[in-house]
Amino acid sequence: MKRLVVIGGGESGVGAAVLAKVKGMEVFLSDMGNIAPRYKEILDKWEILWEEGHHTEEKVLSADEIVKSPGVPLTAPLIVKAMDKGIPVISEIELAGRYTDAKMVCITGSNGKTTTTLLTYHIFKEAGLNVGLAGNVGKSLAMQVATEHHDVFVIELSSFQLDNMYDFKANIAVMLNITPDHLDRYDHKMENYTAAKFRIMQNQTSDDAFIYWEDDPIISAQLKSMQNEARLYPFSARDDKSCTAYLSNGEIFINVDGDEWSMPRNELSLQGLHNVYNSMAATISASLMHIKKENIRKALASFEAVEHRLEFVRTLNGVRYINDSKATNVNSTWYALESMSEPVVLVLGGKDKGNDYSEIEQLVKDKVVAIVCLGVDNSKLHAFFDGKVAVVEDARSMQECVDKCHALAKEGQTVLLSPCCASFDLFKSYEDRGAQFKECVNSL
C-alpha cells in the first residue's frame, strides 16, 4: 500500500489527505502549527492519522510521496531532508489532477486572480455548466475530486501552488499579469518568480489555450524565450484588433476563433481598468467553453464584487469608504488608485515585501490628499512619501487609522484602504484587516 504524507492541515492539506484515503492509500498528516477544529473533525471522520504542533521526522520520512501545502516553503528543513532522500514532493493540485478527467480552467497572475476566478466561475455557473471552484478560493480541488463530480473546474493558482505541479495540465490557462511579489520565496530574483508563474503552461498542447495580457512586458518577453504549443489568446486595453479582446471607444470587443461580438464597458458590473482586464480574460475563457455570448453578457452585468477588493463600505457625510485590503503589493494599489475619480485619503502600510513605491508615485501626487500609514514600522513609507503629499500621519491600530481618516477626509473625497503591504504586522490576515476596517467605518 502506498504511503502518502501530507504536510499542512489546512484546506489544501486536508483535501489531499481525504483524496488519498479514498484512493486506498495509507495516509498521515502532520502540521507544525495547530489544526482548526473543523479540519480535525474531517480527518477523524475519514479515519486519517494526524499530528499537530510538531513533525515526527521518522513518520514523515517514511513516505512514498509527500503532498506539501502551498504555505510550506521548499526550503523547510524537513522538506529538504525528504527531497535529499529522493521522496517526491508534490502539490495538492498535482495529486487531484491524477484522479479526474474534468476540464481545467486555471488562472494565475500577481493581481486580479481571485476576481477573475470568481467571475469566470459565475459565468460558467450561470450558463448551466457543472462547474467546481477550487484553488485559493472555494473548496480544495482534491476534496471535490474525492467527494463530488464536476465536468469543469475553475482554479485560482498562486506561484506557490504551481511550484510543485509536474504532470498536471491546464486546458485553459490564464496569465493576468506579472509584477514583483513574494520575491522572498524566490531568492529575491524576478526571473525565478516569473518561471514559477509560467509553470501554468507546462504540458499544454495545441488542443489547449493560453490567455494573457498582451501589454505586460514580462509576459511578452517570457513567451518569446520559450517554446509552447498552446493556442494564444491575448487581450489588451489598447485598440488593437490583432488581440482576441480589446477596448475601443468605451466598448469591449471580443473575437474568439472568428466569433465576433462586443459589450459597452459601462455595462460591466465591475468598474475600473483592472476589472476590464479581468472581464476580458473571463470572457475569452467562457467563449472557449462555447458559452453563448448572451449568457456571458448577462453574467458580466450581474456579478457582485469580491470582498476586500475595491469593496464599497459606505458613504458618510459625502465621503466614500473603500476596502481594498487585498492589495498586498504595489501593483494592486496602482490599479486601485487608477480607478479613483475623487481625491483620496489613502491608507498604506503593513509588512513591506521589498516594495518599490515609485510605481504609484505619480498617481499619489495626482490623486492623494493625505496618507495614513498603518503599521508597526512606517519608516520606509515616510522616507518615500514625506514631502510628496501634504499630510502623512501614522496609526498603530485600525480604530486610530479610521478615526484619522474620518477627520482628514472632506465631502466629495474617498477614503481608500489599499495598503501595498502584507497584513501580518498588526493583523492575522488581509481578511482580518479588511473586516476591522469595515467594522470601524460602520461604527462611525
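A brief structural summary. Quick caveat, the model's predicted, so the values are computed rather than measured.

Conventions we followed
Residues numbered from 1 in each chain as written. Predicted model: local features only at pLDDT ≥ 70, side-chain atom pairs only at ≥ 80, totals over all residues. Heavy atoms only, no water. Helix = DSSP H or I, 4+ residues; strand = E, 2+ residues; numbered from the N terminus. Rg over C-alpha atoms; globule rule 2.2 N^0.38 Å. Buried < 20%, exposed > 50% of the residue type's maximum accessible area, 1.4 Å probe, protein only. Areas by Shrake-Rupley, 256 points an atom, 1.4 Å probe, with all protein chains shown as cover. Pairing = 2+ DSSP bridges. Phe/Tyr/Trp six-rings, centres within 6.5 Å; stacked < 30°, edge-to-face > 60°. Lys NZ or Arg CZ within 6 Å of the ring centre and 35° of its normal. Contact = heavy atoms within 4.5 Å. Patch = residues over 30% accessible without salt bridge, like charges linked within 9 Å, V, L, I, M, F, W, Y side chains within 5 Å. Salt bridge = Lys/Arg side-chain N within 4 Å of Asp/Glu carboxyl O. 1 Å grid on protein atoms, 1.4 Å probe; cavity = no way out; pocket = protein on both sides within 12 Å on 5 of 7 lines; lining within 4 Å. Points joined across faces, edges and corners; volume = space filled by probe spheres on them. Nonpolar A, V, L, I, M, F, W, Y, C, P; charged D, E, K, R; others polar. Core = buried A, V, L, I, M, F, W, Y, C linked by side-chain atoms within 4.5 Å. Expected span 1.5 Å × (residues − 1). Axes fitted to C-alpha atoms, helices over the stretch in contact; angles between N-to-C directions.

**Considering the overall build of the protein**
Looking only at helices and strands, the protein has 17 helices and 20 strands in total. In terms of overall dimensions, the protein is globule-like: its C-alpha atoms have a radius of gyration of 22 Å, near the 22 Å expected for 444 residues. In terms of principal-axis extent, the alpha carbons of the protein reach across some 70 × 55 × 40 Å. With 444 residues in all, the protein has 57% of them scored as buried. Summed over all atoms, the accessible surface of the protein reaches about 18500 Å², with 49% contributed by carbon and sulfur.

**A short note on the pairing of strand E9 (residues 172-175)**
Burial along E9 is two-sided: Ile172 and Val174 facing one way and Ala173 and Met175 facing the other are all buried. Alignment of E9 against strand E10 (residues 209-213), held across four bridges, turns out to be parallel. Of the residues in E10, the one forming a bridge with Ile172 is Ala209.

**Looking at the packing of aromatic side chains**
The full count for this structure, using the stated rule, is eight aromatic pairs. Cluster of aromatic residues (ring-pair linked, three or more members): Phe198, Phe210 and Tyr212. For the cation-ring pair, Lys388 lies above Phe384, with the distance from its terminal atom to the ring centre recorded as 3.6 Å.

**Regarding the environment of Ser158**
With respect to the helices and strands, the residue Ser158 is situated in the loop between strand E8 (152-156) and helix H8 (159-163). Distance in space between the C-alpha atoms of Ser158 and Lys351 is 19 Å, their sequence separation being 193 residues. Contact partners of Ser158, with chain neighbours within four places excluded, come to Lys113, Asn136 and Lys197.

**With respect to a nonpolar patch on the surface**
Taken together, the side chains of Leu74, Val80 and Met83 present a nonpolar region at the surface, about 200 Å² in accessible area. Mapped onto the secondary structure, Val80 falls in helix H4 (residues 77-84).

**A few points about the environment of Thr120**
For Thr120, the location among the structural elements is in helix H6 (residues 113-126). Sequence separation between Thr120 and Val154 is 34 residues, and the spatial gap between their C-alpha atoms is 7.2 Å. Ignoring any residue separated from it by four or fewer positions in sequence, one finds Thr120 in contact with Val105, Ile107, Val154, Ala282 and Ser285.

**Quick notes on the layout of surface pockets**
The calculated volume of the second largest pocket comes to roughly 400 Å³. Taken together, 24 residues make up the lining of the second largest pocket; nearest its centre are Asp257, Ser287, Leu288, Met289 and His290. Split by residue class, the lining of the second largest pocket holds eleven nonpolar, three polar and ten charged.

**With respect to the nonpolar core**
One finds Leu141, Ile155, Ile200 and Phe210 to be the most contacted residues of the largest nonpolar core, which totals 48 residues. Ranked by the residues each element gives to this core, the list is headed by helix H1 (residues 11-22), at six residues. Sequence-distant contacts of Phe210, that is, excluding residues within four places in its chain, are made with Ala173, Met175, Phe198, Ile200, Met201, Gln204, Leu223, Ala230, Arg231, Leu232 and Tyr233. Val137, Tyr233, Leu270 and Tyr277 belong to the second-largest nonpolar core, a separate cluster that totals 44 residues.

**Let's talk about helix H17 (residues 430-442)**
In this model H17 runs 18 Å from its N-terminal to its C-terminal C-alpha over 13 residues, within 8% of the 18 Å that 1.5 Å per residue would give. By the burial criterion, the buried members of H17 are Asp432, Arg433, Gly434, Phe437, Lys438, Cys440 and Val441. Where H17 is buried, its residues touch strand E15 (311-316), strand E16 (319-323), helix H16 (398-408) and strand E20 (414-417).

**Points about the pattern of salt bridges**
One pass over the full model with this rule turns up 19 salt bridges. In this structure, the salt-bridge partner of Lys139 is Glu148, at a minimum N-O distance of 2.3 Å. One network of salt bridges, with partners in common, ties together Lys2, Glu65 and Arg98.

**Side note on the sheet that holds strand E18 (residues 368-374)**
Read from one edge to the other, the open sheet built from six strands follows the order E15-E16-E20-E17-E18-E19, with strand pairing classed as mixed. Whereas interior strands pair on both sides, the edge strands pair on one side only; in this sheet they are E15 and strand E19 (391-395). Recorded for the sheet is a direction-independent mean angle of 20° between the axes of neighbouring strands. Two elements, E16 and E20, share four bridges in a ladder whose sense is parallel. Within E20, the position partnered with Tyr321 by the bridge is Val415.

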